[in-house]
Amino acid sequence: MTGLYLEQLTLSHFRSHKRAVLHVDQRPVALFGSNGAGKTNILEAISLFSPGRGLRRASAEEMTRRPEALGWKVTGLLHSLGQIHEVAFQSQAGAARQVRLDEKAATQTALGRIGRVLWLIPSMDRLWIEGADGRRRFLDRMTLSFFPDHAEASLDYEKAMRERNRLLKDMVRDPYWYTALEVQMADAGAAIHANRVAALAALQAAQAEAETAFPTADLELLQPEGEMPANASDLRDALAASRSRDMAAGRTLIGPHRADMAGTFAAKGVPARDCSTGEQKALLISLILANSRALARSFGAPPLLLLDEVAAHLDAGRRAALYDEVCALGAQAWMTGTGAELFEDLGDRAQRLEISETDGVSQVHRQGD
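Residues numbered from 1 in each chain as written. Predicted model: local features only at pLDDT ≥ 70, side-chain atom pairs only at ≥ 80, totals over all residues. Heavy atoms only, no water.

- An unreviewed UniProt entry lists the protein chain under the name DNA replication and repair protein RecF, with Primorskyibacter sedentarius as the source organism.
- Of the protein chain, the UniProt comment under Subcellular location (unreviewed entry) reads exactly: "Cytoplasm".
- Turning to the protein chain, the UniProt record has this under Sequence similarities (unreviewed entry): "Belongs to the RecF family." (UniProt positions renumbered as here; feature names shortened; annotations may be inferred.)

What follows is the structure, given as structure tokens:
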């Protein structure tokens, strides 16, 4: 295989797992077991194989097993485009997470060069009806899957904006203090906006080209202050012109940190926020599948897919359709559920692992192969 998949995953003192070792092949993986067995924790460990903070956005300290709090380690053998990489993540007693790639210290951006990971978890079901922050994070995760350097641009922008906001709150009026920060914000902000626009275009194209059982969403990038300045120079000028207004508010009121993503059920012309719960879930799945198809073209292989409890929230017809789509993609999808019966429609196209716990140690039992 020249695609993208994990062959082995080992967890040590990670979340609920004192130790867990999983050996798998490139097929989809169905993880089942009782509530609290640690299925979602396994997905969280896999989410670390892409840039960012993982599917729970947790700190390194929050990922350590309690009550020992000794630190944790996650390792894996990742097959990527014909090569095999040893990837390791660890944190010692609350220290920041460290990444090693093929036994050498690595950056988050380096992870993005060898792999892609997408996920859909129950907390995302409220995407269309929650605040703009959640949709912006969702959009940035999709954008990051196409552009690994998007994370660095976002960090640069946020760091400079925090410093500018501090000046605004302190009522500093000397333009000298703002100029350099606004240059940094403008450069990073223009890159963030361009990445988001390109990602949305790729998603729209991937949805339009596919025939799927899941409805498509028309997506739009919105700015509460009107159109986003077209380039870094215009954004820099806009920030400078907005200083007085921003000072009155005590924060920066213009820029990509204010963006929102709107979705519309294309076939019905109904805003996603006004759709039924089932339709909203189907639109989310459609976006994840479109993201996967687009990545298969741009990266050269479909991403690792993490689908937490997705089977339990779909009717039998859509559940079977999702499995067909995942298998047609050729993606190694890691799916969780409480019972093996949720994955019957996969047949021998998937591997099944029962997750349980005995005396504090995770047990992984392979079923049916």
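**Remarks on the packing of helix α5 (residues 176-209) against helix α8 (residues 277-298)**
At step 1: Where α5 meets α8, the axes come as close as 8 Å, and the angle between the chain directions of the two elements is 100°. Looking at the two axes, α5 sits roughly perpendicular to α8. Contact residues: α5 offers Ala 202, Leu 203, Ala 206, Gln 207 and Glu 209, while α8 offers Ser 286, Leu 287, Ala 290, Asn 291, Arg 293, Ala 294 and Arg 297.
At step 2: Class assignment of the residues belonging to the contact of α5 with α8 gives a composition of six nonpolar, three polar and three charged. (Axes fitted to C-alpha atoms, helices over the stretch in contact; angles between N-to-C directions. Helix = DSSP H or I, 4+ residues; strand = E, 2+ residues; numbered from the N terminus. Parallel < 35°, antiparallel > 145°, perpendicular 65-115°, else oblique. Contact = heavy atoms within 4.5 Å. Nonpolar A, V, L, I, M, F, W, Y, C, P; charged D, E, K, R; others polar.)

**Some points on the UniProt feature "binding site: ATP" (unreviewed entry) in the protein chain**
At step 1: Here the UniProt-annotated "binding site: ATP" (unreviewed entry) positions come out as Gly 33, Ser 34, Asn 35, Gly 36, Ala 37, Gly 38, Lys 39 and Thr 40.
At step 2: Topologically, Ser 34 is positioned in the loop between β3 (29-32) and α1 (39-47).
At step 3: A residue is classified by how much of its surface remains accessible, and Thr 40, at 21% relative accessible area, is partly exposed.
At step 4: With near-sequence residues (within four places) excluded, Thr 40 lies in contact with Arg 56 and Asp 308. (Buried < 20%, exposed > 50% of the residue type's maximum accessible area, 1.4 Å probe, protein only.)

**A few points about the pattern of salt bridges**
Between side chains of opposite charge, pairing is possible as soon as their charged atoms come close.
At step 1: Counted according to the given criterion, the structure contains 17 salt bridges.
At step 2: For Asp 260, the salt bridge is made with Arg 135, and the minimal N-O distance between the two is 2.8 Å. Within this pair, whereas Asp 260 is found in strand β10 (residues 260-265), its partner Arg 135 is found in helix α3 (residues 132-146), the two being separated by 125 residues in sequence.
At step 3: Among the ionic pairs, Glu 182 bridges to Arg 243, the shortest N-O distance being 2.7 Å. In this pair, Glu 182 is assigned in helix α5 and Arg 243 in helix α7 (residues 243-249), connecting sequence segments 61 residues apart. Each member of the pair Glu 182 and Arg 243 is classed as buried. (Salt bridge = Lys/Arg side-chain N within 4 Å of Asp/Glu carboxyl O.)

**Describing unusual backbone geometry**
At step 1: A cis geometry characterises the amide bond from Arg 66 onward to Pro 67, with omega recorded as 5°.
At step 2: If you check the backbone angles, Arg 15 has positive phi at about 50° while not being a glycine.
At step 3: Within the secondary structure, Arg 15 is located in the loop between β1 (4-14) and β2 (17-23).
At step 4: Positioned with a positive phi, Glu 103 is a non-glycine residue whose angle comes to about 70°.
At step 5: Looking at the secondary structure, you find Glu 103 in the loop between β6 (98-101) and β7 (104-105).
At step 6: By relative accessible area, which is 60% here, Glu 103 ends up exposed.

**Some details on the environment of Gln 98**
At step 1: Within the secondary structure, Gln 98 is located in strand β6.
At step 2: Judged by relative accessible area, Gln 98 falls into the partly exposed class, the value being 48%.
At step 3: When near neighbours in sequence (up to four residues on either side) are disregarded, Gln 98 contacts Ala 88, Phe 89 and Gln 90.

**Details of the domain arrangement of the protein chain**
At step 1: Taken domain by domain, the protein chain holds domain 1 (1-116 + 301-368) and domain 2 (123-299).
At step 2: Buried surface at the junction of domain 1 and domain 2, summed over both partners, amounts to about 2,000 Å²; 67% is from carbon and sulfur atoms.
At step 3: Together, Arg 116, Arg 318 and Glu 325 form the three largest contributors to the area buried by domain 1 at its contact with domain 2, with a combined 30%.
At step 4: For the interface between domain 1 and domain 2, the tally reads one salt bridge.
At step 5: Counting the contacts that link domain 1 with domain 2 gives five residue pairs in polar contact (both at pLDDT 80 or more). (Domains from an automatic or database assignment. Buried area = accessible area lost by both parts, 1.4 Å probe. Polar contact = N/O pair within 3.5 Å; in protein donor to acceptor, adjacent residues only side chain to side chain.)

**Overview of the environment of Arg 258**
At step 1: Secondary-structure assignment places Arg 258 in the loop between α7 and β10.
At step 2: Along the backbone, Arg 258 and Met 228 are 30 residues apart, and their C-alpha atoms lie at a distance of 9.8 Å.
At step 3: Leaving out residues up to four positions away in the same chain, Arg 258 has contacts with Arg 136, Leu 222, Gln 223, Pro 224, Glu 225, Arg 251, Thr 252 and Leu 253.
At step 4: Within the local environment of Arg 258, its side chain forms a polar contact with the backbone oxygen of Leu 253, the two atoms lying 3.2 Å apart.

**Let's talk about the packing of helix α4 (residues 150-169) against α5**
At step 1: Two numbers describe how α4 lies on α5: the axes approach to 8 Å, and their chain directions differ by 145°. Note that α4 runs across α5; the crossing there is left-handed. Residue-level inspection shows His 150, Ala 153, Ser 154, Asp 156, Tyr 157, Ala 160, Met 161, Glu 163, Arg 164, Leu 167 and Leu 168 of α4 in contact with α5, the latter providing Trp 177, Tyr 178, Leu 181, Glu 182, Gln 184, Met 185, Ala 188, Gly 189, Ala 191, Ile 192, Asn 195 and Arg 196. (Left-handed = near helix turned anticlockwise from the far one by under 90°.)

**Some remarks on the packing of aromatic side chains**
At step 1: Scanning all chains against the criterion turns up five aromatic pairs.
At step 2: Look at Phe 49 and Phe 89: their rings are 4.9 Å apart centre to centre, the planes differ by 75°, and that puts the pair in the edge-to-face class. Note that Phe 49 is positioned in the loop between α1 and β4 (72-80) and Phe 89 in strand β5 (residues 83-91), a separation of 40 residues in sequence.
At step 3: By relative accessible area, which is 0% here, Phe 89 ends up buried.
At step 4: With 5.6 Å between their ring centres and 80° between their planes, Tyr 176 and Trp 177 make a pair best called edge-to-face. (Phe/Tyr/Trp six-rings, centres within 6.5 Å; stacked < 30°, edge-to-face > 60°.)

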